[in-house]
Protein chains: 2
Amino acid sequence: MAYDGTNFSGFQRQPNERTIEGTLTKVVNKMAKSPKEHISVYGSGRTDAGVHALGQVAHFDFPYDLKEINMLKGLNSMLPLDIKILDVKIVSSNFHARYDVSGKKYMYRMYLGEFKNPFKRFYTAQWKFPVDINKINIALNDLIGEHDFTSFVASGSSAKTNVRTIYEAKCNFNSDKSEIIFEFYGNGFLYNMVRILVGVVLEIGAGKRNEHDILRLYKIKDRNEARRTVPASGLYLKHVYYEGDDPKHPTKLPYHQR
Amino acid sequence: MAYDGTNFSGFQRQPNERTIEGTLTKVVNKMAKSPKEHISVYGSGRTDAGVHALGQVAHFDFPYDLKEINMLKGLNSMLPLDIKILDVKIVSSNFHARYDVSGKKYMYRMYLGEFKNPFKRFYTAQWKFPVDINKINIALNDLIGEHDFTSFVASGSSAKTNVRTIYEAKCNFNSDKSEIIFEFYGNGFLYNMVRILVGVVLEIGAGKRNEHDILRLYKIKDRNEARRTVPASGLYLKHVYYEGDDPKHPTKLPYHQR
């Protein structure tokens, strides 16, 4: 599914808050009319308030036979316009949208203009400092591989290990060069990790940090050294990978290690 | 100025409604601290609720000396994020943002997907029917020149004549072909005229009307024959031209004829 996270209090269900999980759960249960048991919806993971998705995945056990295309049309006709189901697949009863994740891809859009663009205020964040693309590429290259990302995790994380593997970390300008767009692909990301990484990489690009500061941050394992968390509005969950989706990167992070 | 029209009740000031003119007037008066006389803001013309602008123009008489750059920064720092002043110019006291208009350019973005895109729901409208680009270009070509647009004006228009001159009428797909984007440049546009024109042109492209139906509509002068008004969300006031801006199209529509 894709969603515009602007008007949601994040993915995870909360009483009296408009959330993706809550909205989707209500619609799925309505489609099943009065199911004997409440149907729960399981997402691949949470996204924070204001974070968007271009390819979030969720599963649920639906009690009736329904063709994929009819489920797709039914959900989209009942969901609000800021959530759109892109595809529906009937999966084996073993499949779990969260436990079977083998990787995730995130995108981050940073607007470079002096004043905020009215049309992008909910869909980008803003960066007013210099952007040295060579320095940024050096920094991004330091992210590739398996590393301990303790310096890049927000307090409140309940992860059992902070070791993650990044397969890809790249950036591009958009067509009119008004935005720099980052993409990160790895086997898993810690709480706020992408938003902290983008902050550090941009500070390197602005000359506020040494080109290889990320190597130092790996060693010192101190979140206070990577202070900036860039805003939620620029972050997009772009794709969720499951075992078999990407033969080049099959390794799933075992659930007991997360 | 540019503005995201989504959360405004249109340009024109109205009591108890959030409007562009109202918001701008409040900020300009605040910048002048307690001006002896209330400062009025004059726009190039109104835009309806939900209509956007990439290049709206307004003027006002400011009682103090202030450099253009300081007025620009001051306005942008006090205005809400859905209005952005792009440029400030000190003009002669004869200049009038509305009376001196020599032409306007509008853009219309129509999304072609089956389901609405969550990120485009406020910034496009949606068209689910066939789009024959050859037929659309034939229709757009019939718009060029001076015509009586009586069949293309919404009721409620107070225009003194419905004759307008269209200099350019064109369309393109966006880069991923998910949208068709129209552009209209003329010496003036009647109430809802662009939204009615886009509806007729798209109906021609969908085979619902004859390729040259616009020539027939010019003759019969009956608004009921062009029924569809496409939604405000896809419409953008792209540029306002003043005398001297475009030597190829200098003719301004005399005010007594509007």
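Scoring rules and cut-offs
- Residues numbered from 1 in each chain as written.
- Chains lettered and ligands numbered in written order.
- Predicted model: local features only at pLDDT ≥ 70, side-chain atom pairs only at ≥ 80, totals over all residues.
- Heavy atoms only, no water.
- Helix = DSSP H or I, 4+ residues; strand = E, 2+ residues; numbered from the N terminus.
- Rg over C-alpha atoms; globule rule 2.2 N^0.38 Å.
- Buried < 20%, exposed > 50% of the residue type's maximum accessible area, 1.4 Å probe, protein only.
- Contact = heavy atoms within 4.5 Å.
- 1 Å grid on protein atoms, 1.4 Å probe; cavity = no way out; pocket = protein on both sides within 12 Å on 5 of 7 lines; lining within 4 Å.
- Points joined across faces, edges and corners; volume = space filled by probe spheres on them.
- Least-squares fit on C-alpha atoms with pLDDT ≥ 70 in both.
- UniProt positions renumbered as here; feature names shortened; annotations may be inferred.
- Salt bridge = Lys/Arg side-chain N within 4 Å of Asp/Glu carboxyl O.
- Polar contact = N/O pair within 3.5 Å; in protein donor to acceptor, adjacent residues only side chain to side chain.
- Phe/Tyr/Trp six-rings, centres within 6.5 Å; stacked < 30°, edge-to-face > 60°.
- Lys NZ or Arg CZ within 6 Å of the ring centre and 35° of its normal.

**Q** What is the right way to look at the overall build of chain A in this model?
**A** Across its full length, chain A holds 5 helices and 11 strands. The C-alpha radius of gyration of chain A comes to 19 Å, within 12% of the 18 Å expected for a compact globule of 258 residues. Along the longest, intermediate and shortest principal axes, the C-alpha atoms of chain A span 60 × 45 × 35 Å. Each of the 258 residues in chain A was classed as buried or not, and the buried ones make up 53%. Taking all contacts inside chain A whose residues are at least 6 apart in sequence as the whole, residues at least 24 apart take part in 69%.

**Q** What should I look at first to understand the layout of surface pockets in this one?
**A** A probe as big as a water molecule, rolled over the atoms, marks out the empty space that is left. Estimates place the volume of the largest pocket at around 1400 Å³. Lining the largest pocket are 38 residues, with Arg109 and Lys120 of chain A together with Arg109, Lys120 and Glu179 of chain B positioned closest to its centre. Among the secondary structure elements, those contributing two or more residues to the lining of the largest pocket are strand 6 (101-111) and strand 10 (179-186) of chain A together with strand 6 (101-111) and strand 10 (179-186) of chain B.

**Q** Sorry, what's going on with the relation of the copies chain B and chain A here?
**A** With an RMSD of 0.0 Å, the fit of chain B onto chain A corresponds to turning through 180 degrees and sliding 0.0 Å along the axis. With respect to symmetry, the two chain copies, as superposed, fit the operation of a two-fold axis. Looking at the interface residues of chain B, 100% of them are also at the interface in chain A, so both copies use one shared face.

**Q** It is not clear to me how the UniProt feature "active site" (unreviewed entry) in chain A should be interpreted in this structure. Could you clarify?
**A** Residues and elements named next belong to chain A. Mapped onto this numbering, the UniProt entry gives "active site" (unreviewed entry) at Asp48. Mapped onto the fold, Asp48 is located in the loop between strand 2 (42-43) and strand 3 (52-53). Among all residues touching Asp48, those that are not within four sequence positions of it are Gly10, Tyr191, Asn192 and Arg195.

**Q** When you look at the pattern of salt bridges in this model, what are you seeing that I'm missing?
**A** A side chain with one charge may pair with a side chain of the opposite charge, provided their charged atoms come close. Residue and element names in this part refer to chain B. Taken as a whole and assessed by the stated rule, the structure comprises 32 salt bridges over all chains. Note that Lys105 is salt-bridged to Glu168, the shortest N-O span being 4.0 Å. Of this pair, Lys105 sits in strand 6 while Glu168 is found in strand 9 (residues 163-173), placing the two residues 63 residues apart along the sequence. Note on Lys105: relative accessible area 14%, which makes it buried. You can call Glu168 partly exposed: its relative accessible area is 25%. Residue Glu203 is joined to Arg228 by a salt bridge in which the shortest nitrogen-to-oxygen separation is 2.8 Å.

**Q** Please explain the environment of Asn210 of chain A as it appears in this structure.
**A** Residue and element names in this part refer to chain A. Here Asn210 shows up in the loop between helix 4 (193-205) and helix 5 (213-220). Assessed through its relative accessible area of 52%, Asn210 is described here as exposed. Residues Asn210 and Ala139 lie 71 residues apart in sequence; the distance between their C-alpha atoms is 9.2 Å. Here the side chain of Asn210 touches His212 through a polar contact of 2.9 Å, landing on its backbone nitrogen.

**Q** How should the packing of aromatic side chains be read in this particular structure?
**A** For any pair of aromatic rings, the description consists of the separation of the ring centres together with the inter-plane angle of the planes. One pass over the full model with this rule turns up 30 aromatic pairs over all chains. With centroids separated by 6.5 Å and ring planes inclined at 40 degrees, the aromatic side chains of Tyr3 of chain A and Phe11 of chain A adopt a geometry described as tilted. On the basis of relative accessible area, Tyr3 of chain A is assigned to the buried category, the value being 0%. The buried category is assigned to Phe11 of chain A, whose relative accessible area is 3%. One aromatic cluster is present, built from ring pairs that chain together Phe119 of chain A together with Phe122, Tyr123 and Tyr236 of chain B. Directly above the aromatic system of Tyr185 of chain A lies the positively charged group of Lys105 of chain A, at a separation of 5.3 Å from the ring centroid.

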